[in-house]
Amino acid sequence: MDYREFYDKDIVSIRDLSREQIETILDLSEEMIPIAKGEKRSKMLDGRIVGNLFFEPSTRTRLSFESAAHRLGADVIDVSQVSATSISKGETLADTIRMVDAYCDVIVLRHPYEGAARLAANVSENPVINAGDGAGSHPTQTLLDLFTMKRSKESLDGLNIAMVGDLKYGRTVHSLVDALTMFGAKLTFVAPESLQMPEDIVEHLKSKGCTPVQTASLEDVISDADVLYVTRIQKERFPDPAEYDKVAGTYRIDNAMLREAKKDMIVMHPLPRIDEIAPEVDNTEHAKYFEQAFNGIPVRMALLCSILGGEL
């Protein structure tokens, strides 16, 4: 597949992409690495403007999209809080999107409400990239996660993936499991019952031929995992603080636990971490989460290049 087939297309959910389309983006991301590292210069998106609308706190996603745009020669207009927009005066999200649409060539949207990116794509003439909507979807995070796995493991086919932590509210894992089923992954969900993967997602996976294992015990599954995908238990997603207090600190990855893991098992985390991965893990061969954070740049470069019609 030619990456130019993505020209002017929205990226709202990973379910909108086929395995072939995902592989095309990952292959193009590999080509972007020298530019992402500053070893090569590119002006393939010179004259283009990326509109970053981040109505929810973000460090890695917002900065990596900005970096990706600048590395390709594009300019960025940025809004990083609702109070800086007319939404604070009562303007609807739809009207805000229509206004920003006139000022840029692509809109990158993060929003606290699930479905916001789909609404934006419906009202915008220019393409919209979902940078995370509530507990819903985070497709660009999924792509960089897959890219990290592929670079570490050489192939995505048939990997044994253990996902740990907040699987109920974690939009990163909600998107990622959809994509992993396309590559025949074996999935294990490790979480307390109150934070297990939502039943509708589990049923969707089963309809795709994947029956995940669900457990509360990390010790029982860590020795078989090729990838340990750790997530933060997200205090801000809990409607009741008392419920958060019951599960905070449930899992902690340290070097003692990793002695049970395969030598080539990798530990990933979408970040930020709080205390679920001990700092001592950072210096092991298992740790891939900071490399994972960097990989957001080449992957988002590949998306911007494809959607805006950049020529390699």
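Everything below is about the structure shown above.
In what follows, the accompanying structure is described. Just so we're clear, the structure is a prediction, and the values are computed from it rather than from any experiment. (Residues numbered from 1 in each chain as written. Predicted model: local features only at pLDDT ≥ 70, side-chain atom pairs only at ≥ 80, totals over all residues. Heavy atoms only, no water.)

Across its full length, the chain carries ten helices and nine strands. Principal-axis analysis of the C-alpha atoms places the extent of the chain at approximately 55 × 45 × 40 Å. Across the chain, contacts joining residues at least 24 apart in sequence account for 73% of those joining residues at least 6 apart. If you sum the accessible surface of the chain, you get close to 13500 Å²; carbon and sulfur atoms cover 45% of it. The averaged location of the 50 negative side-chain charges in the chain is 3 Å from the averaged location of its 35 positive side-chain charges. (Helix = DSSP H or I, 4+ residues; strand = E, 2+ residues; numbered from the N terminus. Contact = heavy atoms within 4.5 Å. Areas by Shrake-Rupley, 256 points an atom, 1.4 Å probe, with all protein chains shown as cover. Lys, Arg positive; Asp, Glu negative; His and termini not counted. Charge placed at Lys NZ, Arg CZ, Asp CG, Glu CD.)

Turning to the side chain of H269, a few remarks are in order. Along the chain, H269 falls in the loop between β9 (266-268) and α10 (289-308). Side chain to side chain, H269 and E276 meet in a polar contact 2.6 Å long. Those residues within four positions of H269 in sequence are excluded, and the remaining contacts are V230, T231, R232, E276, I277, Y289 and Q292. (Polar contact = N/O pair within 3.5 Å; in protein donor to acceptor, adjacent residues only side chain to side chain.)

All right, on to the sheet that holds strand β1 (residues 49-54) then. Pairing is parallel in the open sheet, where four strands are placed in the order β2-β1-β3-β4. In this open sheet, the two edge strands, each paired with only one partner strand, are β2 (75-79) and β4 (128-133). The sheet shows a mean angle of 15° between the axes of neighbouring strands, direction not considered. Sitting on the sheet, helix α4 (residues 116-123) is in contact with β3 (106-111) and β4, with an inclination near 165° to β4. (Pairing = 2+ DSSP bridges. Axes fitted to C-alpha atoms, helices over the stretch in contact; angles between N-to-C directions.)

Time to look at the sheet that holds strand β6 (residues 186-190). Reading across the sheet, the five strands line up as β7-β6-β5-β8-β9 and stay open at both edges, with parallel pairing between neighbours. Two strands close off the open sheet at either side, each with one partner strand: β7 (213-215) and β9. Looking at each pair of strands side by side, their axes are set apart by 20° on average, direction ignored. Inspection of the sheet shows strand β8 (residues 227-230) paired to β9 by three bridges, in the parallel sense. Residue pairing in the sheet places V227 in a bridge with I266 of β9. Running at roughly 170° to strand β5 (residues 160-164), helix α6 (residues 171-181) makes contact with β5, β6 and β8 of the sheet.

Take the environment of V108 next. Position of V108 relative to the elements: it lies in strand β3. Judged by relative accessible area, V108 falls into the buried class, the value being 0%. The spacing of V108 and P212 is 104 residues in sequence and 32 Å in space, taken between C-alpha atoms. Ignoring anything within four residues of it in the chain, the contact list for V108 reads V50, G51, N52, L53, F54, F65, I129 and A131. (Buried < 20%, exposed > 50% of the residue type's maximum accessible area, 1.4 Å probe, protein only.)

Turning next to the layout of surface pockets. Put simply, the second largest pocket is a space of about 330 Å³. Forming the walls of the second largest pocket are 18 residues, and the residues nearest its centre are S13, R15, E114, G136 and S137. Broken down by secondary-structure element, the contributors of at least two residues to the lining of the second largest pocket are β4, α6 and α7 (199-207). If you tally residues by element for the lining of the second largest pocket, the top one is α6, at three residues. Considering only residue class, the lining of the second largest pocket consists of five nonpolar, seven polar and six charged. (1 Å grid on protein atoms, 1.4 Å probe; cavity = no way out; pocket = protein on both sides within 12 Å on 5 of 7 lines; lining within 4 Å. Points joined across faces, edges and corners; volume = space filled by probe spheres on them. Nonpolar A, V, L, I, M, F, W, Y, C, P; charged D, E, K, R; others polar.)

Considering all chains together, one arrives at 18 salt bridges under this definition. Linking D178 and R15 is a salt bridge whose minimum nitrogen-to-oxygen distance equals 2.6 Å. One end of the pair, D178, is in helix α6; the other, R15, is in the segment before α1 (19-36), with 163 residues separating them in the sequence. Of the residues examined, R15 reaches a relative accessible area of 48% and is grouped as partly exposed. The salt bridge involving R19 is made with E23; its shortest N-O contact spans 3.1 Å. Separated by four residues within a single helix, R19 and E23 lie in helix α1, roughly one turn from each other. A residue is classified by how much of its surface remains accessible, and R19, at 29% relative accessible area, is partly exposed. (Salt bridge = Lys/Arg side-chain N within 4 Å of Asp/Glu carboxyl O.)

Burial of β4 is extensive: six of the six residues sit out of reach of the surface. Each parallel crossover has a hand, and for β3 linked through α4 to β4 it is right-handed. (Right-handed = clockwise from strand over helix to strand, strands pointing away.)

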